[in-house]
Amino acid sequence: MWTYEHSTETDAAPEAIWRLWADVENWGVWNTDIASIQISGPFAAGAEIVMTPAGQDPVHLIVAEATVNELFVDEARFDGLLLRTIHRLDQGKQGRTRVTYRMEITGTGADQLGPRIGPAVTADWPETMAALVKLAQD
């Protein structure tokens, strides 16, 4: 298994972050790497998301879990791998909101392919999360 986690804290309420997460079709406002994105229904477990990163092929995601104002998990499968991303909201220090993204890559060849694929997928997380929390505070 390959894992990576990044967290940040904000004065934005969990509800403000959740509203931005649940508005999938506008993720490109705070995630500049997204060229296009669509969701197949409400933002809930079982929803399918097709996200096309700039200059890349579409990525098909399934929302595996969703708990309002707490977390959502999306999963992508390809070439025997499962890329699972956990997006979590927790109580931070001094009443702040802690936002955490964690990627777990498992499956056939994950120990070899994870270190090659994972860093490319997660490289923009610090900037993306900073833009997310800034927008949530506005």
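Residues numbered from 1 in each chain as written. Predicted model: local features only at pLDDT ≥ 70, side-chain atom pairs only at ≥ 80, totals over all residues. Heavy atoms only, no water.

Asks: Please provide a residue-by-residue account of the overall build of the protein, values included.
Replies: Within the protein one finds three helices and seven strands. In terms of C-alpha radius of gyration, the protein reaches 15 Å, essentially the compact-globule figure of 14 Å for 138 residues. Residues counted as buried form 41% of the 138 residues belonging to the protein. A fraction of 47% describes how many contacts in the protein between residues 6 or more apart in sequence connect residues 24 or more apart. Charged side chains in the protein number 10 positive and 20 negative. The centres of these two groups are separated by 6 Å. (Helix = DSSP H or I, 4+ residues; strand = E, 2+ residues; numbered from the N terminus. Rg over C-alpha atoms; globule rule 2.2 N^0.38 Å. Buried < 20%, exposed > 50% of the residue type's maximum accessible area, 1.4 Å probe, protein only. Contact = heavy atoms within 4.5 Å. Lys, Arg positive; Asp, Glu negative; His and termini not counted. Charge placed at Lys NZ, Arg CZ, Asp CG, Glu CD.)

Asks: Can you explain the sheet that holds strand 5 (residues 71-78)? Please cite residues and give values.
Replies: Spatially, seven strands are ordered 1-7-6-5-4-3-2 in an open sheet, and the strand pairing comes out antiparallel. Each edge of the open sheet is held by one strand with a lone partner, namely strand 1 (2-10) and strand 2 (34-39). For this sheet the average axis-to-axis angle between neighbouring strands, irrespective of direction, equals 20°. Against the sheet, helix 1 (residues 14-22) engages strand 1, strand 4 (59-67), strand 5, strand 6 (81-91) and strand 7 (97-107), with an angle of about 150° to strand 6. Where helix 3 (residues 125-137) meets the sheet, it contacts strand 1, strand 6 and strand 7, and its direction lies at approximately 30° from that of strand 1. (Pairing = 2+ DSSP bridges. Axes fitted to C-alpha atoms, helices over the stretch in contact; angles between N-to-C directions.)

Asks: Please provide a residue-by-residue account of the packing of helix 1 against helix 3, values included.
Replies: Axis separation between helix 1 and helix 3 bottoms out at 9 Å; the angle between their running directions is 115°. Regarding helix 1 and helix 3, the two cross each other, and that crossing is right-handed. Counting all contacts with helix 1, which are made through Ala16, Ile17, Leu20 and Trp21, the residues of helix 3 involved are Leu132, Val133, Leu135 and Ala136. For the contact of helix 1 with helix 3, a count of residues per class yields eight nonpolar, no polar and no charged. (Left-handed = near helix turned anticlockwise from the far one by under 90°. Nonpolar A, V, L, I, M, F, W, Y, C, P; charged D, E, K, R; others polar.)

Asks: Tell me about unusual backbone geometry, and name the residues and values.
Replies: The residue asparagine 69 is not glycine, and still its phi comes out positive at about 65°. Relative to the helices and strands, asparagine 69 is located in the loop between strand 4 and strand 5.

Asks: Got a sec to walk through the environment of glycine 41? Specific residues and values, please.
Replies: Note that glycine 41 resides in the loop between strand 2 and strand 3 (48-53). Separated by 40 residues in the primary sequence, glycine 41 and methionine 1 place their C-alpha atoms 31 Å from one another.

Asks: An account of the pattern of salt bridges is needed here, citing residue identities and associated values.
Replies: Summed over the entire model, instances satisfying the criterion amount to ten salt bridges. Between aspartate 90 and arginine 88 there is a salt bridge whose closest N-O contact spans 2.8 Å. On the accessibility criterion, aspartate 90 (31% relative accessible area) is partly exposed. Overall, arginine 88 belongs to the partly exposed group, its relative accessible area being 26%. A salt bridge links arginine 102 to glutamate 104; its shortest N-O distance comes to 2.8 Å. On the basis of relative accessibility, which here comes to 23%, the residue arginine 102 falls in the partly exposed class. Where salt bridges share partners, they join Glu9, Asp11, Arg96 and Arg98 into one cluster. (Salt bridge = Lys/Arg side-chain N within 4 Å of Asp/Glu carboxyl O.)

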